[in-house]
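# A structural walkthrough
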Amino acid sequence: EKKTTSKLLDQGKQHEKLFKIDDNMFCAVAGITSDANVLINKLRVSAARHAYTYGESMPVEQLTTSICDVKQGYTQFGGLRPFGVSFLIAGYDE
């Protein structure tokens, strides 16, 4: 089968589903890519802020918990649209 895709779509950005957060963390994304871009930027800022403050990379569990709290806040409070994206975060702690 041949996939029909629009010639207007940027093929370089269409399949971007893996994002590098830090030197030791990556994130796979499924869902609305624009929501993912917002949350990935929050992840990167949190990881960079932690590295700047403490001089070491942020633990994977702590970063995952922080982004889950943000997503849960948007789901729980009225007037805010929940994020339509799922993450699979992979990394290692030193």
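Structure first, text after, so check above.
Residues numbered from 1 in each chain as written. Predicted model: local features only at pLDDT ≥ 70, side-chain atom pairs only at ≥ 80, totals over all residues. Heavy atoms only, no water.

### Examining the sheet that holds strand β2 (residues 25-31)
- With antiparallel pairing, the three strands of this open sheet are ordered in space as β1-β2-β3. Every interior strand has two partners, whereas the edge strands, β1 (18-22) and β3 (85-91), have only one. Across the sheet, the mean angle separating the axes of adjacent strands is 30 degrees when strand polarity is ignored.
- The pairing of β1 with β2 spans four bridges and is classified as antiparallel. In the strand pairing of β2, Asp22 is matched with Met25.
- The strands touched by helix α2 (residues 33-54) are β1, β2 and β3; relative to β1, the strand with the most contacts, the crossing angle is about 20 degrees.
- The sheet contacts of helix α3 (residues 60-76) involve β1, β2 and β3, and relative to β3 the element is tilted by about 170 degrees. (Pairing = 2+ DSSP bridges. Helix = DSSP H or I, 4+ residues; strand = E, 2+ residues; numbered from the N terminus. Axes fitted to C-alpha atoms, helices over the stretch in contact; angles between N-to-C directions. Contact = heavy atoms within 4.5 Å.)

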